[in-house]
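In case you want the letters, here they are:
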Amino acid sequence: MMATQSPTALFILGPTASGKTALTLALAQQQPIEIISVDSALVYRGMDIGTAKPSRAEQAICPHHLIDIIEPTEAYSAAQFAADAQRLIHEIHARGRLPVLVGGTMLYVKALLEPLTELPESDAQIRAQIDAQAADLGWPAMHAQLAQIDPITAARIEPNDAQRINRALEIFRISGKPMAQWLAEDTTTHELSFKPILTALIPEPRAILHERINQRFVTMLGEGFLDEMRTLRARGDLHLGLPSMRCVGYRQAWEHLDGAYDYAQLIEKGQAATRQLAKRQMTWIRGMPQIQVFDSADMTRNQNRLLNQINALITEA
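Residues numbered from 1 in each chain as written. Predicted model: local features only at pLDDT ≥ 70, side-chain atom pairs only at ≥ 80, totals over all residues. Heavy atoms only, no water.

**Student:** Give me the overall build of the chain: which residues, what numbers.
**Tutor:** Scanning the chain for helices and strands turns up 14 helices and 6 strands. Taking 317 residues into account, the globule formula puts the C-alpha radius of gyration at 20 Å, and the chain, at 20 Å, falls close to it. Counting only C-alpha atoms, the chain reaches 55 × 50 × 35 Å along its principal axes. Expressed as a percentage of its 317 residues, the buried residues of the chain come to 46%. Averaged over its 30 positive side-chain charges, the chain has a centre that lies 3 Å from the centre of its 35 negative ones. (Helix = DSSP H or I, 4+ residues; strand = E, 2+ residues; numbered from the N terminus. Rg over C-alpha atoms; globule rule 2.2 N^0.38 Å. Buried < 20%, exposed > 50% of the residue type's maximum accessible area, 1.4 Å probe, protein only. Lys, Arg positive; Asp, Glu negative; His and termini not counted. Charge placed at Lys NZ, Arg CZ, Asp CG, Glu CD.)

**Student:** Residue-level account of the pattern of salt bridges, with values.
**Tutor:** Enumeration over the complete set of coordinates arrives at 20 salt bridges. Among the ionic pairs, K53 bridges to D48, the shortest N-O distance being 2.9 Å. On the basis of relative accessibility, which here comes to 11%, the residue K53 falls in the buried class. Given a relative accessible area of 34%, D48 falls into the partly exposed group. A salt bridge links R230 to D227; its shortest N-O distance comes to 2.9 Å. Pair noted here: R230 and D227 are both in helix α11 (residues 225–234), with a separation of 3 residues, about one helical turn. In the salt-bridge network here, residues are joined through shared partners; they are R45, E71, R235 and D237. (Salt bridge = Lys/Arg side-chain N within 4 Å of Asp/Glu carboxyl O.)

**Student:** Tell me about the packing of aromatic side chains, residues and numbers included.
**Tutor:** Per the stated rule, a full pass over the model turns up 5 aromatic pairs. Look at F11 and F194: their rings are 6.5 Å apart centre to centre, the planes differ by 25°, and that puts the pair in the stacked class. Taken together, the residues span a long stretch of sequence, with F11 in strand β1 (residues 8–13) and F194 in the loop between α9 (179–185) and β5 (195–201) at a distance of 183 residues. Neither residue differs from the other here; F11 and F194 are each classed as buried. (Phe/Tyr/Trp six-rings, centres within 6.5 Å; stacked < 30°, edge-to-face > 60°.)

**Student:** Provide a residue-level description of the sheet that holds β1, including the pertinent values.
**Tutor:** The strand order across the open sheet built from 6 strands is β3-β2-β4-β1-β5-β6, with neighbouring strands paired in parallel fashion. What marks the edges here is a single partner per strand, and that holds for β3 (64–65) and β6 (292–294). In terms of strand pairing, strand β2 (residues 33–38) meets β3 through 2 bridges, oriented parallel. For I36, the partnering residue across the bridge sits in β3 and is H65. On the sheet, helix α4 (residues 106–113) packs against β1, β2, β4 (98–103) and β5 and is oriented at approximately 160° with respect to β1. (Pairing = 2+ DSSP bridges. Contact = heavy atoms within 4.5 Å. Axes fitted to C-alpha atoms, helices over the stretch in contact; angles between N-to-C directions.)

**Student:** For the nonpolar core, give the residues involved together with the corresponding values.
**Tutor:** Counting residues in each nonpolar core, the largest one holds 55 residues, and the members touching the most others are F11, L13, I36, F81 and L101. The leading source of residues in this core is helix α3 (residues 78–94), at 7 residues. Every residue in contact with L101, bar those within four places of it in the chain, is listed here: A9, L10, F11, I12, L13, I36, V38, F81, A85, I89 and L112. L98, F294, L306 and I314 belong to the second largest nonpolar core, which has 22 residues in total. (Core = buried A, V, L, I, M, F, W, Y, C linked by side-chain atoms within 4.5 Å.)

**Student:** Outline the side chain of N166, supporting the account with residue identities and numerical values.
**Tutor:** Among the structural elements, N166 can be located in helix α8 (residues 162–175). Accessibility expressed as a relative area gives 0% for N166, which makes it buried. In contact with N166, not counting residues within four places along its chain, are R127, I130, D131, W139 and R246.

**Student:** How would you sum up unusual backbone geometry? Please name residues and give values.
**Tutor:** The step from E204 to P205 runs through a cis peptide bond, and the omega angle for that step is -5°. Counting through the fold element by element, P205 comes out in the loop between β5 and α10 (206–222). Here A17, not a glycine, exhibits a phi torsion of approximately 70°, which is positive. Checked against the element boundaries, A17 lands in the loop between β1 and α1 (20–27). Positive phi, normally seen in glycine, also occurs at D68, with a value near 60°. Checked against the element boundaries, D68 lands in the loop between β3 and α3.

**Student:** I'd like to hear about the pairing of β1, residue by residue, with values.
**Tutor:** In terms of residue burial, β1 counts as a mostly covered element, since 6 of its 6 residues are buried. Where burial is concerned, the two faces of β1 agree: the one with T8, L10 and I12 and the one with A9, F11 and L13 are both buried. Both β1 and β5 contribute to a ladder of 6 bridges, which runs parallel. Bridge pairing in β5 links I12 to T199. As defined by bridge partners, β1 adjoins β4 across 4 bridges and the pair is classed as parallel. Bridging across to β4, I12 finds its partner in V102.

**Student:** Provide a residue-level description of α3, including the pertinent values.
**Tutor:** Each α-helix turn comprises 3.6 residues. Residues three or four places apart therefore point the same way. In this model, α3 (17 residues) spans 24 Å end to end at C-alpha, consistent with the 24 Å of a helix rising 1.5 Å per residue. Among all positions of α3, only A78, F81, A82, D84, A85, L88, I89, I92 and H93 are buried. Buried residues along α3 sit in contact with β1, β2, β3, β4 and α4. Once α3 ends, the next one or two residues include G96, with phi positive near 80°. (Expected span 1.5 Å × (residues − 1).)

Take a look at the structure:
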């Protein structure tokens, strides 16, 4: 790979617990790569167990980027990710290595591969008003409000997706124009400065993924996830309105420690929320053009085959 060529960037996408990290680290034994995390939870410092963050030993196998870059009190947007990832792709390529973008935050992928519409800037007061309403009515009721003013956007958002519902309502309240209209009126053209190789891992049948997700959440709890949550709460500067504390698993753990439900219900709710996230991730992936989806059901037996297929795609590029 010559540093003077237009960069090639390999994407290994997939739902949570699909085997992305293991496959990528195995690829690092065969190719000179650097990993760019495509995960909106891994950006936060101090959130390790509940995000399934790669261990220090795993991160030592090859360079990792966009992990542990901000405090949980801060926000990191898809637009920021797109700018950082594009810069990193070129820097990694210039070092003679292959940039590999790994994760499941599909909004980040969209922001990098497609132009982002210039939407109204966030207004903290309006967001707080929406959060206060949601505290009284619940997010499904706020989703119903959104469906009245912006049915196209509402159809793409789950009734409990607080962050996206809040943003869509905020845009309408600031501008008087639905998000769907903002997106429809945007005619920006966008030419990539790199060549993407798009791949994804999805275990089949889906029951295999569900079992992995269920087991992973139990394992996280056994590794001290609630202690991690207690440490975060003890800081005194975090609350459930922050994007970091809305991450899957963290919101449920916070509510459990508040006494909202018992340990068994925490497991049930944490697993269910993670399965819902995986469903959204898979729906988005299957709607992406020019993406090659690989079955990652039996990674023990099929890892070498998957590596051969991915290496062939890199060679062809």
